[in-house]
Amino acid sequence: MERWNMIYKIKALHDDGNGLSIHQIAEQLKLSRNTVRKYLRMKENEITTYLRSPQREKVLDEHREYMRHLLEMYPELSSGKMLRKLKTHGLEVEISQRSVRRYMASLSKELPSIPGRRYEPILDMVPGVQCQVDGGELRDVMIAGQPTTVYFMVFVLSYSRMMYVSVSLRPINTDLFITMHDQAFRFFDGVVEECVYDQTKLVVIKEEFRELWLNQRFHQYANSAGFKVRACEGYDPESKGKVEAGVKYVQKDFFYGDSFAQVEDLRQRMVNWLKTVANVRVHGTTREVPWDVYDLRERPRMKPYLSPKCLQQVCLGETRQVDKTSLISWQSNKYSVPGQYQSSSVFVRQEEGWLLIHAPDSNQPITRHRISARKGEVIKNLNHYRSRQDQIVRYEQTLQSLLGDELASSLCQLLRKTTPDLYKDQLAGLKLVLGQYPSVTLLRPWLKDLTQRAELRVSYIRDYLAAAMNNPLSLPLEEHLLSRDLKLYRGLDQKTLGREDV
């Protein structure tokens, strides 16, 4: 009735062009000129149809909360871009950009004069827009009869309250955090526009002057998956209260009072609990069943989710550098890998109490170790290292082929006796020294003389052979150890030499 009175007043004041102008009527009745012009153009039957039709309500009212959210985030958003976002959000009615601009102007008057933080959580009245994410840690969960610490991540869709929970027996790092998101979006069969988090190091490296430095690996995944990362203000759990309540619900309703045969039993029962309890109960706040709300109103608004390519590397695990001793570090312990991977990188992940190691190029499994519960240990697989004794045997066989069995055996015994801890290295050194001469046959007499010493090292053999070949008279050897040829070089008496040889 009030609307009818207003319309009649407009027409009476205008009096078919003989009364007040549109501008004067708008000023007097405190209306916009467009409103005055619209009613003046309409005939009485059109006005009746318009006022009785449910379409007379503004078609943008059902998108009011979404538009308000966008204006809170982006106060300078243009009406053209707002219209494009509304169409992707489900607006099916044709509407002019001018109408959107007027509606935005009316909404802007309701917003605070000072915009909130850019990473405040949005309202939960818009389906398919927001997922709140938070983690928990629970000690002394009985798994296989042992008290175990369980780490879990809870994902709650803000609109429907649909929930997913991913669990782990090891602390959650960036790679595992990404994998848990992949599992959640696969469970939801779609991805939201944004996810809201605490200022955890898994998401935000630091905040300064309200600027966020994001974890680059997770940010790369988020961009590839198609959702925005939003962080709550520090020490502000109320801004993501839905998932805060969800963490407590998981602890009390699922974990409390239960034990599990194995970790796989825990995971399977968690999935069953989500499908038969958590997501089919009547939610205490919404008074609706999350799964029903999701199927009817939120699933159609979710964006399709495809696992990004960057997840292929994440699934293989974390990257670890192999040191020169063929060891990698994992949770305060060291584990061996085959020797050919020394000083390279490998992929490492934990699964069912085993440490699985994959090649970085072919993604093929290299080896695995049972994970040690202790700290500071070195866990080796001796097959990863070349046998020290095998190397010694190969060096000895090489020397035998060069010098003959008897001479090689004498030299080896003397080297082993002198430096037993360095025997392999001494053999390698002797092979290197002999390889510097074109003919080992010429060296045999001098090497045979050296086997008469009480001690012998390769460095002495090297110097002795060098002196013997270049300047035999300068050899610093005792007289009784000199060979016949070297004594001749020293100019000794031939008769004495003859008597000594007899």
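On a predicted model such as this, the values are computed, not experimentally measured, just so you know.

A. Structural detail: the overall build of the protein chain. Helices and strands together make up the secondary structure of the protein chain, namely 20 helices and 14 strands. Counting every position in the protein chain, which comprises 502 residues, the buried fraction comes to 41%. Within the protein chain, residue pairs in contact and separated by at least 24 positions form 59% of the contacts whose partners lie at least 6 positions apart. Summed over its atoms, the accessible surface of the protein chain is roughly 28900 Å², and 49% of this surface lies on carbon and sulfur atoms.

B. Spatial organisation of helix α2 (residues 22-29). Listed in full, the buried residues belonging to α2 are Ile25, Ala26 and Leu29. Seen from one end, α2 has its buried residues packed into an arc of 100°, which puts them on one side.

C. Quick peek at the pattern of salt bridges. One pass over the full model with this rule turns up 15 salt bridges. Ionic pairing is found between Glu264 and Arg267, a salt bridge with its closest N-O pair at 3.1 Å. Of this pair, Glu264 and Arg267 are both found in helix α11 (residues 263-278), 3 residues apart, which corresponds to roughly one turn of the helix. For Glu455, the salt bridge identified is with Arg457, shortest N-O distance 4.0 Å. For Arg457, a relative accessible area of 39% translates into the label partly exposed. Residues joined in a network through salt bridges with shared partners are Asp189, Asp295 and Arg299.

D. Looking closely at the pairing of strand β4 (residues 194-197). Residues Glu194 and Val196 point to one face of β4 and Cys195 and Tyr197 to the other, with burial holding for every one of them. Both strand β1 (residues 130-143) and β4 contribute to a ladder of 3 bridges, which runs parallel. The residue of β4 that forms the bridge with Gln130 is Glu194.

E. Highlighting the sheet that holds strand β13 (residues 365-370). The strand order β8-β11-β12-β13 describes an open sheet built from 4 strands, whose pairing is antiparallel. Two strands bound the open sheet, and with one partner strand each, they are β8 (318-321) and β13. Pairs of neighbouring strands in the sheet enclose a mean axial angle of 30°, with direction left out of account. Pairing analysis gives 5 bridges linking strand β12 (residues 354-358) to β13, with the strands arranged antiparallel. Each bridged residue has a counterpart across the sheet, and for Leu355 the counterpart in β13 is His369.

F. Molecular detail of unusual backbone geometry. For Ala144, which is not a glycine, the phi torsion comes out positive at approximately 55°. Structurally, Ala144 can be placed in the loop between β1 and β2 (146-157). Not every positive phi belongs to a glycine, and Gln331 is a case in point at roughly 50°. With respect to the helices and strands, the residue Gln331 is situated in the loop between β9 (327-330) and β10 (333-336). Exposure remark for Gln331: the relative accessible area of 34% places this residue in the partly exposed category.

G. A look at the sheet that holds strand β14 (residues 378-379). Spatially, 3 strands are ordered β9-β10-β14 in an open sheet, and the strand pairing comes out mixed. Each edge of the open sheet carries a strand with a single partner, namely β9 and β14. Sheet topology places β9 next to β10; 4 bridges connect them, and they run antiparallel. Bridged to Trp330 within β10 is Asn333.

H. Fine view of the state of the cysteines. For the structure on display, the rule yields 0 disulfides. A disulfide-free cysteine, Cys195 has its sulfur positioned 4.6 Å from the sulfur of Cys131, the nearest such atom.

I. Representation of the confidence of the model for the protein chain in the model. Taken residue by residue, the protein chain gives an average pLDDT of 78. The fraction at 70 or more is 80%. Low pLDDT, under 50, characterises residues 114-123; the stretch is placed with 31 contacts to residues that sit more than four places away or in other chains. Every residue in residues 472-502 scores below 50 in pLDDT, and together they form 37 contacts with partners more than four places removed in sequence or on other chains.

J. Seen up close, a positive patch on the surface. Together, Lys38, Arg98, Arg101 and Arg102 make up a positively charged patch on the protein surface. Here the positive patch takes 3 residues from helix α7 (residues 97-108), the largest share from any one element. Position of Arg102 relative to the elements: it lies in helix α7. Residue classification places Arg102 among the partly exposed positions, given a relative accessible area of 43%.

K. Broad picture of the environment of Leu60. Note on placement: Leu60 falls in the loop between α4 (44-52) and α5 (64-73). Judged by its relative accessible area of 2%, Leu60 falls in the buried class. When the C-alpha positions of Leu60 and Tyr103 are compared, they lie 7.8 Å apart, and in sequence the two are 43 residues distant.

L. Region of interest: the packing of aromatic side chains. The tally for this structure, following the rule as stated, stands at 19 aromatic pairs. Between Tyr164 and Phe187, the aromatic rings sit 5.0 Å apart at their centres with planes inclined by 40°, giving tilted as the arrangement. One end of the pair, Tyr164, is in strand β3 (residues 163-168); the other, Phe187, is in helix α8 (residues 174-188), with 23 residues separating them in the sequence. According to the relative accessible area criterion, Tyr164 is buried, its value standing at 10%. Taken together, a centroid distance of 5.9 Å and an interplanar angle of 70° make the contact between Phe187 and Phe188 edge-to-face. In this structure Phe188 comes out as buried when scored by relative accessible area, which is 0%.

Thresholds applied
Residues numbered from 1 in each chain as written. Predicted model: local features only at pLDDT ≥ 70, side-chain atom pairs only at ≥ 80, totals over all residues. Heavy atoms only, no water. Helix = DSSP H or I, 4+ residues; strand = E, 2+ residues; numbered from the N terminus. Buried < 20%, exposed > 50% of the residue type's maximum accessible area, 1.4 Å probe, protein only. Contact = heavy atoms within 4.5 Å. Areas by Shrake-Rupley, 256 points an atom, 1.4 Å probe, with all protein chains shown as cover. Arc of directions from axis to C-beta. Salt bridge = Lys/Arg side-chain N within 4 Å of Asp/Glu carboxyl O. Pairing = 2+ DSSP bridges. Axes fitted to C-alpha atoms, helices over the stretch in contact; angles between N-to-C directions. Disulfide = S-S within 2.5 Å. pLDDT = per-residue confidence, 0-100. Patch = residues over 30% accessible without salt bridge, like charges linked within 9 Å, V, L, I, M, F, W, Y side chains within 5 Å. Lys, Arg positive; Asp, Glu negative; His and termini not counted. Charge placed at Lys NZ, Arg CZ, Asp CG, Glu CD. Phe/Tyr/Trp six-rings, centres within 6.5 Å; stacked < 30°, edge-to-face > 60°.

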